[in-house]
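Structural overview
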Amino acid sequence: MSEKEQTEETVTVGPTPGRLKKTIVMVGMMGAGKTAVGRALAARLDVPFLDSDHEIEAAANMSIPEIFSRDGEPFFRLKERQVIARLLEEERGVLSTGGGAFLSEENRTLITEGGVSVWLQADLEVLWNRVRHRDSRPLLRTSDPKATLRELYDARVPFYEKADLTVRSDGQASIETMVDRVLEALKERPDVLEWTK
C-alpha cells in the first residue's frame, strides 16, 4: 500500500454526524453506487434507507423493466415523481433515486425544497464496468449498450451538475470510504445534518 493510500484510509477523529434534518437524496447515473452508498450512509446515520425504484415496483407490483415495457417511460416518470414527492414528505432519511429522476426540473425542485441532492460522480468506464453484466437496465437493452450508456451519460451530466453537492466515485474507494466522502461534503450543509463534537 502506498503512502497516499495509507493516508486516505486513515480515520480522522473529528465531529461525528448527529441528527438528520432533511432527506439526503442520492442522484447520478446507473452504476454510480447510489443504492450501495445510500444504504451504508443510512446505516451510519441510523436513519431509514429509501429507494424510489423499489417503491415504484412495490406500488405497481411489477419490475421497472416490466413497467417500461407495458406502460412506457413517460408513465414510469410520472410514477417516479409521485413517489419521490411522497417519500420526501413522509420520511426523513437517505433516498436513492433512479438515474433519470434528476433530469426532471419538477423532481429537482422537490428535492431541493425537501432535502439535499448528492451527485455520485463516476466516469463512463467506471459505470460501464459496473452495469455491463446486468440485464436489469431497460434503457441499455439496445444493440450497442455501451454506446447507449455514453449517450445517456453525455445527456445527463449537465443535469447532475445542478446537484447541491458532488462526491467523486472513482471505482476504487470502498463503500465505507464513499460514505466518509459524502459525510465530508455534508459538512457544508448544517441545515441538513447536525454535527456533534
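Quick note: structure is the one above.
Residues numbered from 1 in each chain as written. Predicted model: local features only at pLDDT ≥ 70, side-chain atom pairs only at ≥ 80, totals over all residues. Heavy atoms only, no water.

1. Here we look at the overall build of the chain
Secondary structure assignment for the chain yields nine helices and seven strands. Looking at the chain as a whole, 43% of its 197 residues are labelled buried. Of the accessible surface of the chain, which amounts to about 10,600 Å², a share of 48% is contributed by carbon and sulfur atoms. (Helix = DSSP H or I, 4+ residues; strand = E, 2+ residues; numbered from the N terminus. Buried < 20%, exposed > 50% of the residue type's maximum accessible area, 1.4 Å probe, protein only. Areas by Shrake-Rupley, 256 points an atom, 1.4 Å probe, with all protein chains shown as cover.)

2. A word on helix α4 (residues 64–71)
Listing the buried residues of α4 in full gives Ile64, Pro65, Ile67 and Phe68. Down the axis of α4, the buried side of the element spans an arc of 160°, and every buried residue falls inside it. Exposed positions of α4 whose direction lies more than 90 degrees from the buried face are Ser69 and Arg70. Turning to α4, the residues buried within the fold contact α3 (52–60) and α5 (73–90). Immediately beyond the C-terminal end of α4, within one or two residues, lies glycine 72, with a positive phi of roughly 90°. (Arc of directions from axis to C-beta. Contact = heavy atoms within 4.5 Å.)

3. What to know about helix α8 (residues 145–160)
The end-to-end C-alpha distance of α8, which contains 16 residues, comes to 21 Å, matching closely the 22 Å that a straight helix rising 1.5 Å per residue would cover. Where α8 is buried, its residues touch α5, β5 (115–121) and α7 (124–131). (Expected span 1.5 Å × (residues − 1).)

4. A closer look at the pattern of salt bridges
For the structure on display, the rule yields 15 salt bridges. Among the salt bridges present, the one from glutamate 176 reaches arginine 44, with a minimum N-O distance of 2.7 Å. Placement of glutamate 176 in helix α9 (residues 175–186) and of arginine 44 in helix α2 (residues 34–45) is noted, with a sequence separation of 132 residues between them. Note on glutamate 176: relative accessible area 42%, which makes it partly exposed. In this structure, arginine 86 and glutamate 55 form a salt bridge, with 3.3 Å as the shortest nitrogen-oxygen distance. In this pair, arginine 86 is assigned in helix α5 and glutamate 55 in helix α3, connecting sequence segments 31 residues apart. (Salt bridge = Lys/Arg side-chain N within 4 Å of Asp/Glu carboxyl O.)

5. A word on the pairing of β5
Among the seven residues of β5, six are classified as buried, and the element is accordingly described as predominantly covered. Summarising the sheet, strand β2 (residues 23–27) and β5 pair through five bridges and their orientation is parallel. Each bridged residue has a counterpart across the sheet, and for valine 27 the counterpart in β5 is tryptophan 119. Taken together, the four bridges between β5 and strand β6 (residues 165–168) define a ladder with parallel strand orientation. Among the inter-strand pairings, leucine 120 is bridged to a residue of β6, identified as valine 167. (Pairing = 2+ DSSP bridges.)

6. A few points about the packing of aromatic side chains
For the coordinates displayed, the defined rule picks out two aromatic pairs. The interplanar angle of 35° and the centroid separation of 5.9 Å between the aromatic rings of tryptophan 119 and tyrosine 160 together place this pair among those described as tilted. Taken together, the residues tryptophan 119 in strand β5 and tyrosine 160 in helix α8 connect sequence positions 41 residues apart. Grouping residues by exposure puts tryptophan 119 and tyrosine 160 together as buried. For lysine 187, the ring lying beneath its charged end belongs to tryptophan 195, and the centroid distance is 5.4 Å. (Phe/Tyr/Trp six-rings, centres within 6.5 Å; stacked < 30°, edge-to-face > 60°. Lys NZ or Arg CZ within 6 Å of the ring centre and 35° of its normal.)

7. Remarks on the side chain of arginine 77
By the element assignment, arginine 77 lies in helix α5. Taking the relative accessible area as the measure of exposure, arginine 77 reaches 16% and is therefore buried. A distance of 3.0 Å separates polar atoms of two side chains, one belonging to arginine 77 and the other to glutamate 80. (Polar contact = N/O pair within 3.5 Å; in protein donor to acceptor, adjacent residues only side chain to side chain.)

8. Some words on the packing of α3 against α5
Put simply, α3 and α5 touch, their axes get as near as 9 Å, and they point 110° apart. Relative to α5, α3 is oriented roughly perpendicular. Between α3 and α5 the crossing geometry is right-handed. Contacts between α3 and α5 involve Ser52, Asp53, Glu55 and Ile56 from the former and Phe76, Lys79, Glu80, Val83, Ile84, Arg86 and Leu87 from the latter. Considered class by class, the residues forming the contact of α3 with α5 number five nonpolar, one polar and five charged. (Axes fitted to C-alpha atoms, helices over the stretch in contact; angles between N-to-C directions. Parallel < 35°, antiparallel > 145°, perpendicular 65-115°, else oblique. Left-handed = near helix turned anticlockwise from the far one by under 90°. Nonpolar A, V, L, I, M, F, W, Y, C, P; charged D, E, K, R; others polar.)

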